[in-house]
Amino acid sequence: MEDTIVSKTLLSAIFGAAFAALALTPAAFAGDQTLAEFHVENGGCDSCHKDESPSADGAYEFEQCQSCHGTLAEMDDVHKPHDGNLVCADCHAPHDNNVGQKPTCESCHDDGRTADSVLKK
Ligand code: HEC
Ligand code: HEC
Ligand code: HEC
Ligand code: HEC
């Protein structure tokens, strides 16, 4: 799986081999865990929050996402057009979305677009 290779590179860079081994087990990607729970296993609540409390405007959390994953501008054609318009959590709500869950588009775009239709262009 290509996804797994990308993940492994990032994982190793950030958390080292121990976390890579843990996170790449199929159970961790089975989708029965929220994104927040998944991240908490490695860095606790403060991998995203300051002092375990959400910020009022989400800016602090957005900074944390980007410090590990890169900025929207640096990502693929699904992400790039939202640079300056959205924060990660608008699509990947950490406490609501599960690991492996692909965000959809129709809550904001009504022309039937999908991640795949944009990536194939
Ligand atoms: C992957 C990053 C991430 C992790 C880890 C995380 N949160 Fe959050 N949390 C967010 C973001 C982003 C929001 C605001 C958007 C939202 O509501 O989903 C949020 C919202 C909240 C809120 C506001 C209520 C709500 O659910 O919207 C509380 C309270 C909260 N987090 C507590 C915690 C606690 C306690 C932990 C550790 C057990 C934790 N969070 C771990 C990113 C994270
Ligand atoms: C407009 C909604 C949207 C926003 C905003 C967004 N994403 Fe995504 N993200 C997606 C979609 C859709 C996918 C799945 C793309 C695909 O099918 O390849 C995805 C995939 C990912 C993946 C790969 C997950 C996997 O399954 O391998 C990561 C990591 C990710 N996004 C992180 C982020 C981060 C970090 C931000 C903020 C800097 C962000 N995203 C902002 C919609 C969004
Ligand atoms: C401390 C570093 C760190 C922070 C902060 C962080 N992430 Fe991650 N995140 C990771 C690592 C490592 C992985 C596992 C490798 C991968 O799948 O990319 C991951 C995985 C993901 C995935 C893919 C999960 C899947 O479905 O396979 C998404 C989506 C994601 N993070 C979104 C976010 C969002 C949104 C935020 C901010 C609210 C955030 N991350 C904050 C390190 C981080
Ligand atoms: C939370 C709202 C939201 C979601 C969900 C969302 N977008 Fe967007 N999108 C925006 C905003 C805001 C803009 C910038 C203003 C504009 O151009 O309409 C935008 C612009 C775009 C653009 C560039 C302009 C255009 O309309 O072609 C593309 C491409 C795009 N989004 C694709 C997607 C895809 C693919 C998804 C689903 C994976 C998605 N968006 C989900 C809010 C959203």
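Quick note: structure is the one above.
In short, a report on the structure. This is a predicted model, so every value here is computed, not measured.

1. Details of the overall build of the protein
Phase 1 of the analysis: Secondary structure summary: the protein contains six helices and zero strands in total.
Phase 2 of the analysis: Sorting the 121 residues of the protein into buried and exposed places 18% on the buried side.
Phase 3 of the analysis: A separation of at least 24 residues holds for 44% of the contacts in the protein among residues at least 6 apart in sequence.

2. Comments concerning the site of ligand 1
Phase 1 of the analysis: Surrounding ligand 1, one finds Ala36, His39, Val40, Cys45, Ser47, Cys48, His49, Pro54, Glu61, Ala89, Pro94 and His95.
Phase 2 of the analysis: Separating a nitrogen atom of ligand 1 from a side-chain N or O atom of His95 is a distance of 2.9 Å.

3. Brief notes about the coordination of the iron atom of ligand 2
Phase 1 of the analysis: For the iron atom of ligand 2, the protein coordination sphere consists of His79 (NE2) and His92 (NE2), at 2.0 Å.
Phase 2 of the analysis: One can describe the site at the iron atom of ligand 2 as octahedral: its six donor atoms subtend angles covering 87 to 179° at the metal. Of the two residues, His79 sits in the loop between helix H4 (59-69) and helix H5 (88-91) while His92 sits in the loop between H5 and helix H6 (115-120), which places them 13 residues apart along the sequence.

4. Things to note about helix H3 (residues 35-43)
Residues lying three or four places apart along an α-helix face the same way, a consequence of the helix completing one turn every 3.6 residues.
Phase 1 of the analysis: Residues of H3 that are buried include every one of Leu35, Ala36 and Phe38, and no others. One face of H3 carries all of its buried residues, which in axial projection span an arc of 160°.
Phase 2 of the analysis: Downstream of H3 by one or two residues, Gly44 has phi in the positive range, about 70°.

5. Some remarks on H4
Phase 1 of the analysis: Where H4 is concerned, the buried positions are Glu61, Phe62, Gln64 and Gln66.
Phase 2 of the analysis: Taken together, the buried residues of H4 touch H5.
Phase 3 of the analysis: Among the residues trailing H4, Gly70 stands out with phi positive, at a value near 95°.

6. Regarding the coordination of the iron atom of ligand 1
Phase 1 of the analysis: Within the protein, the iron atom of ligand 1 binds to His49 (NE2) and His95 (NE2); these donor distances fall in the range 2.0 Å.
Phase 2 of the analysis: Of the residues examined, His49 reaches a relative accessible area of 15% and is grouped as buried.
Phase 3 of the analysis: The exposure class of His95 is exposed, given its relative accessible area of 57%.

7. As for the side chain of Glu61
Phase 1 of the analysis: Relative to the assigned elements, Glu61 resides in helix H4.
Phase 2 of the analysis: Of the side chains with opposite charge, Lys50 lies nearest to the buried Glu61, which makes no salt bridge, at 11 Å.
Phase 3 of the analysis: At a separation of 2.7 Å, a polar atom in the side chain of Glu61 contacts the side chain of His49.
Phase 4 of the analysis: In this structure, Glu61 is in contact with Cys48, His49, Ser53, Pro54 and Ser55, ignoring residues within four places of it in sequence.

8. A few points about unusual backbone geometry
Phase 1 of the analysis: The backbone of Asp51 shows a phi angle near 55°, a positive value even though the residue is not glycine.
Phase 2 of the analysis: With phi around 60°, Glu52 is a residue other than glycine that occupies positive phi space.
Phase 3 of the analysis: Examined against the element boundaries, Glu52 turns out to sit in the loop between H3 and H4.
Phase 4 of the analysis: Look at Glu52 and you get exposed, because its relative accessible area is 57%.

Rules of the game
- Residues numbered from 1 in each chain as written.
- Chains lettered and ligands numbered in written order.
- Predicted model: local features only at pLDDT ≥ 70, side-chain atom pairs only at ≥ 80, totals over all residues.
- Heavy atoms only, no water.
- Helix = DSSP H or I, 4+ residues; strand = E, 2+ residues; numbered from the N terminus.
- Buried < 20%, exposed > 50% of the residue type's maximum accessible area, 1.4 Å probe, protein only.
- Contact = heavy atoms within 4.5 Å.
- Near = heavy atom within 4 Å.
- Polar contact = N/O pair within 3.5 Å; in protein donor to acceptor, adjacent residues only side chain to side chain.
- Donors = N, O, S within 2.8 Å, 3.2 Å for Na, K, Ca; no water.
- Tetrahedral: all angles 85-135°; square planar, octahedral: opposite > 155°, others 65-115°.
- Arc of directions from axis to C-beta.
- Lys, Arg positive; Asp, Glu negative; His and termini not counted.
- Salt bridge = Lys/Arg side-chain N within 4 Å of Asp/Glu carboxyl O.

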